[in-house]
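Observations on the model geometry
Here are the chains, one letter per residue:
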Amino acid sequence: MNARWGPDDDEETAVAGDLLLVVRAAEGDEEAFEVLVHRHAPAMLQLAERLMGSRAEAEDAVQDAFLSAWRSLPEYRGEAAFGTWLYRIVTNRCLNLLRARRPATDLDAVAEPAAPEHQSSPVRAAESHAAVRDLVQAMGNLSAEQKVCWVLREIEGQPYETIAQAVGIRPEAVRARVFRARRMLTEAMVAWR
Amino acid sequence: MAMNTPYPPENPDDEELELLACGRDLATVWEHAGRPDTDPHTATCPSCRQAVADLEHLRAAVLPPAAPPADIDTTAVVRRVMDAVRLELRPGRTLPLGEADEDSWIYESVAARTLRTAAEQVPGVLAGSCRITPPGSRTHPTRGPSTVHLGVTVAYGQDLPDTIRAVRESLVRAARQHLGLALGDLDVTVTDLHEPPSQPRETRP
C-alpha cells in the first residue's frame, strides 16, 4: 500500500492525497493512518523538538499527539488541512508538557536553571559555552506559553494568527508573549554582545 | 509570514510598553526590524540600532541550521504509534454474516478493508469512505443484504461508466467470495479525479 501512496510532488498533491487517507483512517483503516503518520512525522518531530528541547521528549509528545489524532479522527471535519490540524495537536501536547514540567512561576521569581537534559535545543554551538549556558538558562525561565509562542514565531516562522489558533489565545496575547520572550532572551545575551 | 502583512495594530497591551531612550517603543522597533520600510529613525538612532542588533544576535544564536525534516529518523516513533493504534479497541458497527440461522458477525472496518481492496483492484481507482449498513436499525441490525456506500477517486482520462461498472463487479465478487456478505444497494460515488500516479510525465520539446 505504501508504494501506491508514494511521496508527493507538491503540497497540493499532498493535501489531496491526505484527504482520502484521512477519510479512511477516520473509518478505522489503520493502514491509511500509518501512511499519514509516516508522511507527517518528520515535520511534527521537528516542531516538537524545537518546543521541548530534547529528542526524547519530542518523540513522546509526537507519539501522544498522533494517538490523540487517531482517537479524534471520527470527529475531524476537515475545516483545516490535516497537517494544520496535527500541528495544533502537537503544539497543545507540548504546551501541556511544558506546563507540567515547571509549574508556572512568577516571572520575577528566580527560577532554577534548566537541567541539562531539558536544555532547549536550538542553540548554536557558534556561541561561547558561557553564552549558550546563559541563553539556555533564560529559555528555561520562559513560561510555557512564552516559550511556545516564541518558538513558533521566531524558529518556525509562523504568523501570529496561526500561533493564536494553535495555542488557543488571541493574536494580541501571542504578540505580548513573543515580546516578553525576546526581552528576556536578549537580556540574557547582553553580556555577550 | 508577517513580513508581507500590513503593520499590525501597535502595542495592543499597554503593560508591555517599554520605551527606549529615544522614546520609541521596543516592541514596535523589533516588529519592524528587517522590514524594507523600516522607520528611517531606527537606521540612525543608537538605541534603536542596539535593540535591533540584540534581537539579531539572539536570532543568530538560536536559528537552527537548515536541516530538512526529511532527514529526521521517524522509524521508532511511527512503530510506537502504530503499535499503540493497533492495540486500541475501536469497536465499530458489526455486520451480520451468512444465513438467517447463523450467528457470525464482522466489524464494519474489517469488511470495509476487503471492499476497498477489491475496488482498488480496478486500475486507476483509489477507495475512500466505505460504509456498510445492514438492514434493521442501527442498534438492532438484522440479517439480510447490506447497503454499501463507497467513495472512490478515479484517474483522469478513464472511462467513468466502465470503471464504476468494474468496481461494482469487483465489490460483489469480493463480498461473496471473501466475506460471505450479501450486498443489497451498492452506491459508488466518484468523489474526485486524481492524476495517474505511475504514468511517466510527458517530455517537453
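Residues numbered from 1 in each chain as written. Chains lettered and ligands numbered in written order. Predicted model: local features only at pLDDT ≥ 70, side-chain atom pairs only at ≥ 80, totals over all residues. Heavy atoms only, no water.

Mean pLDDT over chain B: 83, with 84% of residues reaching 70 or higher. Scored below 50 in pLDDT, residues 1–14 of chain B shows 19 contacts in the model against residues more than four places distant or in partner chains. (pLDDT = per-residue confidence, 0-100. Contact = heavy atoms within 4.5 Å.)

Glancing now at the nonpolar core. By size, the foremost hydrophobic cluster in this structure holds 78 residues, and its most contacted members are F33, F66, L73, W150 and L152 of chain A. Sort the elements by how many residues they give to this core and helix α2 (residues 30–52) of chain A lands first, with 12 residues. (Core = buried A, V, L, I, M, F, W, Y, C linked by side-chain atoms within 4.5 Å. Buried < 20%, exposed > 50% of the residue type's maximum accessible area, 1.4 Å probe, protein only. Helix = DSSP H or I, 4+ residues; strand = E, 2+ residues; numbered from the N terminus.)

Examined against the element boundaries, L58 of chain B turns out to sit in helix α3 (residues 46–62). Under the relative-accessibility criterion, L58 of chain B is labelled buried at 0%. With sequence-adjacent residues up to four places away left out, L58 of chain B is seen in contact with L135, W150, R182, L185, T186 and M189 of chain A.

Moving on to the interface of chain A and chain B. Listed per partner, the contact involves 59 residues of chain A and 49 residues of chain B. Inspection of the region where chain A meets chain B yields 12 salt bridges. As a salt-bridge pair, R116 of chain B and D29 of chain A come within 3.5 Å of each other at their nearest N and O atoms. Across the chain A-chain B interface, the total number found is 15 residue pairs in polar contact (both at pLDDT 80 or more). Counting only elements with at least two residues in the side of chain A that touches chain B, the list comes to α1 (11–26), α2, α3 (55–72), α5 (129–141), α6 (144–155) and α8 (171–189) of chain A. At 11 residues, the largest contribution of residues to the side of chain A that touches chain B is made by α2 of chain A. Of the residues belonging to the side of chain A that touches chain B, the class tally is 31 nonpolar, 6 polar and 22 charged. (Salt bridge = Lys/Arg side-chain N within 4 Å of Asp/Glu carboxyl O. Polar contact = N/O pair within 3.5 Å; in protein donor to acceptor, adjacent residues only side chain to side chain. Nonpolar A, V, L, I, M, F, W, Y, C, P; charged D, E, K, R; others polar.)

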